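Understanding the architecture of this molecule
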Amino acid sequence: MIEIENLCKSFTLHNQGAAVLPVLAGAHLRVDPGECVALTGASGSGKSTLMRMIWGNYRAETGRLQVAGLDLTTATPRQIIALRRARLGYVSQFLRVVPRVPTLRVVAEPLLALGQPEPQALARAAALLARLNIPERLWSLSPTTFSGGEQQRVNIARGFAHPFPVLLLDEPTASLDAVNRAVVLDLIGEAKARGAAILGIFHDEAARAQVADRLVDVTGFTPARAA
Amino acid sequence: MESAQGRIWTRKKPEPEAGPLLLVEGLGKAWGARIGCADVGFDLYPGEVLGIVGESGSGKSTLLGCLAGHLPADAGRILYRGRDLRMMAEPERRHLARTEWAFVHQNPRDGLRMGVTAGANVGERLMAVGARHYGAIRATATDWLGRVEIDPARIDDRPRAFSGGMQQRLQIARNLVTGPRLVLMDEPTGGLDVSVQARLLDLLRELVREMGLAVIIVTHDLAVARLLADRLMVMKDGRVIEAGLTDQVLDDPQAAYTQLLVSSVLQV
Ligand SMILES: Nc1ncnc2c1ncn2[C@@H]1O[C@H](COP(=O)(O)OP(=O)(O)OP(=O)(O)O)[C@@H](O)[C@H]1O
Ligand SMILES: Nc1ncnc2c1ncn2[C@@H]1O[C@H](COP(=O)(O)OP(=O)(O)OP(=O)(O)O)[C@@H](O)[C@H]1O
Ligand SMILES: [Mg+2]
Ligand SMILES: [Mg+2]
């Protein structure tokens, strides 16, 4: 579901003397349905960069990057939007939502965007929020004022609302207590069981060991940093 | 929260059409020797939001004015549902402007009738698309005032008695009430406080999703662009210097100017 071959990425900082910052070179990776692959490597080695490229957030320049059948090196913005709507889910570290929209709707939104009837979408959102132990009295409030761990769980609920065939998880358990961490690991396990291809970044080694089938060390894709 | 569907005068979500709602090619407009905008091209489908950002004087308002037919373009084509607006007879263009398009001006006084009441400002647009029943018009106007968070008790006040932010919300209600297919907005959220701005973003997103509304929004606020726009065009000196998926343009900008624009705001 994710196929990467010889992918490279560098940033050109035009306003800092046009410095070129090579971040990835010759990256290769494959994630099949039903498996979870974890990216590892030191801070700054390019884990988030690689994940953002798969999300279509960072431009893919050279090499091959195929996600759920779409070639991201040539895809149009419209194709990437369609990919994200139906086939590619992403739980990022940050919750970015329109302020004042109630949490229940924030979580239901990916389903509404797919044209699901409102009652069904809201019911699914409620079930996920309950499972992630977000107290019901918070559902009608905007998550923008929630605690870090609550926001993260809202993000996770949103990412798991629709059964995406491909799922990207950036530190999904980072600020969670033991109970909620276990819920998230269960959700990941269930997604694998239904055949989702999952790529994750976990600093939480025990969590990684529990859900990841394979590790890919991104340090192997770090270009030699010439001055 | 209420759904945008099933309103008295709002349009049903249209059947998907084969082509784009709007197709723009090589659009240009000079102000004497100075470039207003030049060689602008893009397309827009129902249910899409296109953001336009760029420094002051980069041609954003000129472009929007040409698209709306407020300004005559000198070059290029503007196809709306396959028909060239620059070739269209004036009465027909005006009819479209009344029924299928909306234009939200940066300055609400340019988009409101200051001499008539808030209710009449909204009701007038409904009558332009054929509404005749006074009670229904008033009910819809009341409903829309509520949606943009203006106390419906103020329906008989004139916009002059409103604050700038309220006037802007009234202008938006007046423009959206008829369920247009395409809305062009020039800095619509500039004078609004953050909370009201959030409500409007939510309202627009709902209309985009439920009604297939297409939006072109000029904004200097990159956070608004990120939350609302699917795609972004960056303009400089009248030209589009970068365009693409909104979060890609903001997080991985390619042009030197876009990098500067993005890095000069704190966090979006
Ligand atoms: N948009 C960007 N513009 C310029 N440089 C960037 C950009 N995004 C990432 N980088 C650079 O790419 C390198 C890899 O960063 P990345 O965030 O991918 O690392 P990481 O492996 O996720 O690290 P961490 O474990 O700390 O999250 C860093 O040197 C970073 O500064
Ligand atoms: N009525 C006019 N007469 C002459 N020149 C004009 C006129 N309107 C705009 N221009 C010029 O056209 C160029 C583009 O202006 P425009 O108003 O489209 O910029 P803008 O991007 O909307 O800027 P802002 O962000 O300040 O609103 C500028 O150089 C401006 O001086
Ligand atoms: Mg990272
Ligand atoms: Mg302007």
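Remember, predicted model here, so these are calculated numbers, not experimental data. Residue numbering note: each chain is counted from 1, following its sequence as written. Chains carry letters from A onward and ligands carry numbers from 1 onward, assigned in written order. In keeping with the predicted nature of the model, local features appear solely for residues at pLDDT of at least 70, side-chain atom pairs appear and are counted solely at 80 or more, and the whole-chain, interface and lining totals rest on all residues. Side-chain numbers here rest on the full set of heavy atoms in the structure, without hydrogens or water.

1. What to know about the site of ligand 2
All names here are of chain B.
- For each residue, the test is whether any non-hydrogen atom lies within 4 Å of the molecule or strand; if one does, the residue is near. Close contacts around ligand 2 come from W31, R34, I35, G36, E55, S56, G57, S58, G59, K60, S61 and T62, and that covers them all.
- Contact distances for ligand 2 include 3.0 Å between an oxygen atom and a backbone N or O atom of G59.
- Under the rule applied, a polar contact is a pair of N or O atoms within 3.5 Å (in protein, one hydrogen donor and one hydrogen acceptor; residues adjacent in sequence only if both atoms are side-chain atoms). At a separation of 2.8 Å, an oxygen atom of ligand 2 approaches a polar side-chain atom of S61.
- Residue exposure ignores everything except the shown protein chains as possible cover, and the areas themselves are Shrake-Rupley values with a 1.4 Å probe. If ligand 2 stood free it would expose 630 Å²; the protein chains cover 62% of that surface.
- Listed by contribution, the elements that provide at least two residues to the shell around ligand 2 are β2 (34-44) and α1 (60-68).
- Lys, Arg, Asp and Glu make up the charged group, whereas Ala, Val, Leu, Ile, Met, Phe, Trp, Tyr, Cys and Pro make up the nonpolar group; the residues left over, Gly among them, are polar. Among the residues making up the shell around ligand 2, the classes are represented as two nonpolar, seven polar and three charged. The helix and strand labels rest on DSSP assignments: H or I over at least four residues marks a helix, E over at least two residues marks a strand, and numbering proceeds from the N terminus.

2. Let's talk about the sheet that holds strand β9 (residues 214-217) of chain A
All names here are of chain A.
- Strand order in the open sheet formed by five strands is β6-β7-β8-β3-β9, with parallel pairing between adjacent strands. Each having just a single partner strand, β6 (88-91) and β9 make up the two edges of the open sheet. Between one strand axis and the next, the sheet turns through 20 degrees on average, direction left out of account.
- At least two bridges found by DSSP between two strands is the condition for calling them paired. As defined by bridge partners, β6 adjoins strand β7 (residues 166-170) across four bridges and the pair is classed as parallel. Of the residues in β7, the one forming a bridge with Y90 is L168.
- Throughout, a residue-residue contact means that at least one pair of heavy atoms, one from each residue, lies within 4.5 Å. Under this scheme, a helix contributes an axis fitted over its contacting stretch, all axes are lines through C-alpha atoms, and angles between N-to-C directions fall in the 0 to 180 degree range. The sheet strands contacting helix α6 (residues 178-193) are β3 (36-40), β7 and β8 (197-201), and the helix crosses β8 at an angle near 150 degrees.

3. So, the nonpolar core
- We call a set of buried Ala, Val, Leu, Ile, Met, Phe, Trp, Tyr and Cys residues a nonpolar core when their side-chain atoms join them within 4.5 Å. Categorising residues by exposure relies on relative accessible area from a 1.4 Å probe, with only protein chains included: less than 20% of the type maximum marks a residue as buried, more than 50% marks it as exposed, and the intermediate range marks it as partly exposed. Of all hydrophobic cores here, the largest spans 84 residues; its most connected members are F160 and I188 of chain A.
- A total of nine residues in this core trace back to one element, the largest contributor, which is helix α6 (residues 194-211) of chain B.
- Leaving out residues up to four positions away in the same chain, F160 of chain A has contacts with V91, R124, L128, L167, L169, L187, I188 and A191 of chain A.
- If you look at the next biggest cluster of nonpolar residues, it comprises 37 residues, including I54, L88, I201 and V216 of chain A.

4. As for the packing of aromatic side chains
- Geometry of aromatic contacts follows a simple scheme: Phe, Tyr and Trp rings, the Trp one being its six-membered ring, pair when their centres are within 6.5 Å, and the pair is stacked under 30 degrees between planes, edge-to-face over 60, tilted otherwise. For the structure shown, the criterion picks out three aromatic pairs over all chains.
- Seen in terms of ring centroids, W55 of chain A and Y90 of chain A are 4.9 Å apart; in terms of plane orientation they differ by 40 degrees. Their pairing is tilted. Here Y90 of chain A lies in strand β6 and W55 of chain A lies in helix α1 (residues 47-55), a separation of 35 residues in the sequence.
- Accessibility expressed as a relative area gives 15% for W55 of chain A, which makes it buried.
- Note on Y80 of chain B and W101 of chain B: the rings are 5.3 Å apart at their centroids and 85 degrees apart in plane angle, and the pair reads as edge-to-face. Highlighted residues: Y80 of chain B in strand β4 (residues 75-80) and W101 of chain B in strand β6 (residues 101-104), separated in sequence by 21 residues.
- Note on W101 of chain B: relative accessible area 6%, which makes it buried.
- Remark: a charge is flagged as sitting over a ring if the NZ atom of Lys or the CZ atom of Arg is within 6 Å of the ring centre and within 35 degrees of the ring normal. Directly above the aromatic system of W55 of chain A lies the positively charged group of R84 of chain A, at a separation of 4.2 Å from the ring centroid.
- In this arrangement the basic side chain of K236 of chain B is found over the ring face of Y257 of chain B, its NZ or CZ atom lying 5.5 Å from the centre.

5. Concerning the interface of chain B and chain A
- Contact with chain B, which involves 32 residues of that partner, is made by 30 residues of chain A.
- By convention, the term buried area covers the 1.4 Å-probe accessible surface removed from two parts as they join, with the contributions of both added. Both faces considered, chain B and chain A share a buried interface measuring about 2600 Å² in area, 47% of it formed by carbon and sulfur atoms.
- Salt bridges, as used here, are contacts in which a Lys or Arg side-chain nitrogen is within 4 Å of a carboxyl oxygen on Asp or Glu. Taken together, the connections running from chain B to chain A amount to six salt bridges.
- Between E109 of chain A and R205 of chain B there is a salt bridge whose closest N-O contact spans 2.6 Å.

6. Focus: the side chain of H162 of chain A
Residues and elements named next belong to chain A.
- Residue position: H162 is located in the loop between α5 (148-160) and β7.
- The class for H162 is buried, based on a relative accessible area of 15%.
- Polar contacts involving the side chain of H162 include one to the main-chain carbonyl oxygen of A86, which spans 3.1 Å.
- With near-sequence residues (within four places) excluded, H162 lies in contact with R85, A86, L111, L114 and R194.

7. Focus on the packing of α5 of chain A against α6 of chain A
Residues and elements named next belong to chain A.
- Interaxial distance between α5 and α6 falls to 12 Å at its minimum, and their mutual angle equals 15 degrees. The angle between the axes of α5 and α6 places the two elements in the roughly parallel class. Here the hand of the crossing between α5 and α6 comes out left-handed. Taking contact as the criterion, the partners of R153, I156 and F160 in α5 are, on α6, N180, V184, L187, I188 and A191. An angle counts as roughly parallel when it lies under 35 degrees, as roughly antiparallel when it exceeds 145, as roughly perpendicular when it falls between 65 and 115, and as oblique in every other case. Crossing handedness is defined as follows: a turn of the near helix away from the far one that is anticlockwise and smaller than a right angle gives a left-handed crossing, while the clockwise case is right-handed.

8. A short note on unusual backbone geometry
Residue and element names in this part refer to chain A.
- Even without glycine at this site, N6 takes up a positive phi of about 50 degrees.
- Mapped onto the fold, N6 is located in strand β1 (residues 2-13).
- Unusually for a residue other than glycine, E171 sits at a positive phi of about 55 degrees.
- Residue position: E171 is located in the loop between β7 and α6.

9. Some points on the environment of A108 of chain A
All names here are of chain A.
- Its place among the elements puts A108 in helix α3 (residues 103-113).
- Judged by relative accessible area, A108 falls into the buried class, the value being 0%.
- Taking the C-alpha atoms as reference, A108 lies 5.2 Å from A125; in sequence the two are 17 residues apart.
- Not counting residues within four places of it along the chain, the set of residues in contact with A108 comprises A121, L122 and A125.

10. Quick notes on the site of ligand 1
- Neighbouring residues of ligand 1: 15 residues in total, closest S43, K47, S48, T49 and Y58 of chain A.
- Looking at what sits near ligand 1, you find residues from chains A and B.
- Residue S43 of chain A places a side-chain N or O atom 2.6 Å away from an oxygen atom belonging to ligand 1.
- One of the side-chain N or O atoms of Y58 of chain A is found 2.8 Å from a nitrogen atom in ligand 1.
- For ligand 1, whose free accessible area comes to 640 Å², the fraction covered by protein is 68%.
- At the level of secondary structure, the elements contributing two or more residues to the shell around ligand 1 comprise β1, β2 (19-31) and α1 of chain A.
- Residue contributions to the shell around ligand 1 peak at three residues, all from α1 of chain A.
- Looking at the shell around ligand 1 residue by residue, the classes come out as six nonpolar, seven polar and two charged.

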